[in-house]
Amino acid sequence: MTQKTAEELAKKQREISIAEFFEKNRHLLGFDNPRRALLTAVKEAVDNALDACEEARILPEINVELLSLSETRFRMMVEDNGPGIVKKQIPNIFARLLYGSKFHKLAATRGQQGIGISATVLYGQLTTGKPATIKSKISSSKKAMLMKLKIDTQTNLPQILEEQETDWEGKEHGTRIEVDFDGSYQKGRQSVDEYLKETAVVNPHATIIYVTPEAQQIIFARSTDQLPPEPKEIKPHPYGVELGRLIKMLEMTGAKTLQQFLTAEFVRVGPNTAKDICENSSLLPRTNPKQISRDMAEKLYQGIQKTKIIAPPTDCISPIGAEDLEKGLRKEINAEFYCSTTRPAAVYRGNPFVIEAALAFSGEQDAESTVRIMRFANRVPLLYQQGACSITHAIQNTNWKPYGLLQSKNSLPVGPCTIVVHMTSVWVPFTSESKEALAEYEEIVKEIKLALQDCGRKLASFVNRKRRIGEEAKKRSYIEKYIPHVADALKEIVGFDEIRKKEIEDNLYTMLEQVRGELEEIGVDNPDYDPELAKILQAEEETPVENQPPSLLANLSLRENIRGFLMLLLRKDGVPVFGKNEEVSFFM
């Protein structure tokens, strides 16, 4: 066997382009199977459209059309009414991986990595060999720009195959993308239909018009004309900066002193806090940042950890709000009970985040299956990798038995219930580039569990109240069942006529209402429910049958139980309501 030298091996070593890497590892981006690929492509295009409209403070109107070219090939067309894209940036945005405006921006947005839409273009050219067609218009006074693009996978640079100005009648501004790719269209919980429906639920300010591959048009109309508050960009928080990044920031800063560096480059660091950090680091505030060595930087890092610094501001994130989250849940699910909560802002690795949760119980939901989980991150539905998500793990590790749901150890609870959890943050920690599951940070899991427990306590209160009402209804039903028999017995003992017997029955029914009070009714009463929205992907559900308990007075003679029955009627929660003489005079 001939031994190879290091020089021979070195000839085969070369740089790998990021586009080449993802061309071979498309599963990391969510293109691992045809059905998921179709969903991922639509998701990336719609998320970009929503971000563009909200950033420009425009109410989003998005058209999504899937055209079936063959059994396994589709054309995706997504058009928005956003601000459009300038000619120079179109090739980079759509045909260059890791290019965008959001990676270094600390504000809550759907996109983060600058990969998504360009990965869709890459998947299209990989499976069909065809370029993507982009049309964009930035003003009503200018023509639209039309481009056909591919990605050079060796250099990760765009290839412009066609470029021209064109008219776009009836369009003041906006962007349209058309991509052909291999895919598979199926309805179900992890489908394009479900993604768009859930997106409409948590983005009530958007109108989405969707044409399915079956040529069926579905319109998700906006329910509010109010855009969510615009998240403000913030600087890094000192607690979220690791040593290596701190050294890099010191090398790149334009500040002349360490104190100036701390106040200029970080949020929540004023002059006094900066002096405290320098004191805890044993460094002079006037030290030149360019002259700080690695050992000095480590002292600075340790000094930051010792210093008490205010948590970062929360105007950089955009929660849905407990009320709107519950309203969205009411539109889709017809239940007896709803509750929601928004947790106070918390911090992980210096990044502010907020957890929101909502819950729908009973009603038209399956009581025999595990609860349905709806996960969201920065208003984006997460439909895949549920088992790998920290939201699911937090639900599994919460004890749901005290709240009225069945549950085995470390498993999802069982019952007629839907649980919604939403996380918003300047940087959502996804487990992979496909952005389908949240990573397990201790601070995030803790906040999710606290939000779930808050909803659980409200659920337990409802379940207990419903049980008490049910028990009261059963007692009343027993009493009402035997009122005619008691009247017959009294007629036989005292010698009443039929008219007096009827009066006795009426008096007994009246007494029942007076003594035990009006019975509260619990049922499905949801004026916000949208049957057309719920019809999309709605599964057939069975209504559980309740077993009727045996009669309390079974196998007992009528005469022997008249006295006991009257005492039962005249008691509420075991306490006599009338005196003995009042009992006798009432009937006699």
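Each remark here, short or long, concerns the structure printed above.
Fair warning: this is a prediction, and the values are worked out from it, not measured in the lab.

About the thresholds
Residues numbered from 1 in each chain as written. Predicted model: local features only at pLDDT ≥ 70, side-chain atom pairs only at ≥ 80, totals over all residues. Heavy atoms only, no water. Salt bridge = Lys/Arg side-chain N within 4 Å of Asp/Glu carboxyl O. Helix = DSSP H or I, 4+ residues; strand = E, 2+ residues; numbered from the N terminus. Buried < 20%, exposed > 50% of the residue type's maximum accessible area, 1.4 Å probe, protein only. Pairing = 2+ DSSP bridges. Axes fitted to C-alpha atoms, helices over the stretch in contact; angles between N-to-C directions. Contact = heavy atoms within 4.5 Å. Expected span 1.5 Å × (residues − 1).

**Topic: the pattern of salt bridges**
- The full count for this structure, using the stated rule, is 31 salt bridges.
- A salt bridge links Lys143 to Asp167; its shortest N-O distance comes to 3.9 Å. Of this pair, Lys143 sits in the loop between strand E3 (132–137) and strand E4 (144–152) while Asp167 is found in the loop between strand E5 (157–166) and strand E6 (174–182), placing the two residues 24 residues apart along the sequence.
- Of the charged contacts in the structure, one is a salt bridge between Arg294 and Glu298, with a shortest N-O distance of 2.7 Å. Of this pair, Arg294 and Glu298 both sit in helix H10 (residues 294–306), four residues apart, which is roughly one turn of the helix.
- What makes Arg294 partly exposed here is its relative accessible area of 44%.
- Judged by relative accessible area, Glu298 falls into the partly exposed class, the value being 28%.

**Re the pairing of E3**
- Most of E3 is tucked away, with five of its six residues classed as buried.
- Pairing geometry for E3 and E4, over five bridges, is antiparallel. By the bridge assignment for E4, Ile134 is matched with Met147.
- Bridging between E3 and E6 involves five bridges; their strand directions are antiparallel. Bridging from a neighbouring strand, Lys135 pairs with Arg176 of E6.

**Structural notes on the sheet that holds E3**
- Judged by pairing direction, the sheet is mixed, and its eight strands sit side by side in the order E5-E4-E3-E6-E2-E1-E7-E8 without closing on themselves. Since the sheet does not close on itself, it has two edges, and those belong to E5 and strand E8 (217–220), each with one partner. Strand-to-strand twist in this sheet, taken as the mean axis angle between neighbours without regard to direction, amounts to 15°.
- Its contacts with the sheet place helix H5 (residues 116–128) against strand E2 (73–80), E3, E4 and E6, and it is angled at close to 35° to E6.
- Where helix H6 (residues 192–202) meets the sheet, its contacts fall on strand E1 (61–68), strand E7 (207–211) and E8, and the angle it forms with E7 comes to roughly 165°.

**Observations concerning H5**
- The first and last C-alpha atoms of H5 sit 18 Å apart over 13 residues, in line with the 18 Å expected at 1.5 Å per residue.
- For H5, the tally of buried residues reaches twelve of 13 residues, placing the bulk of the element in the interior.
- Listed as buried for H5 are Gly116, Ile117, Ser118, Ala119, Thr120, Val121, Leu122, Tyr123, Gly124, Gln125, Thr127 and Thr128.
- Gly129 occupies a position one or two residues after H5 and carries a positive phi of about 75°.

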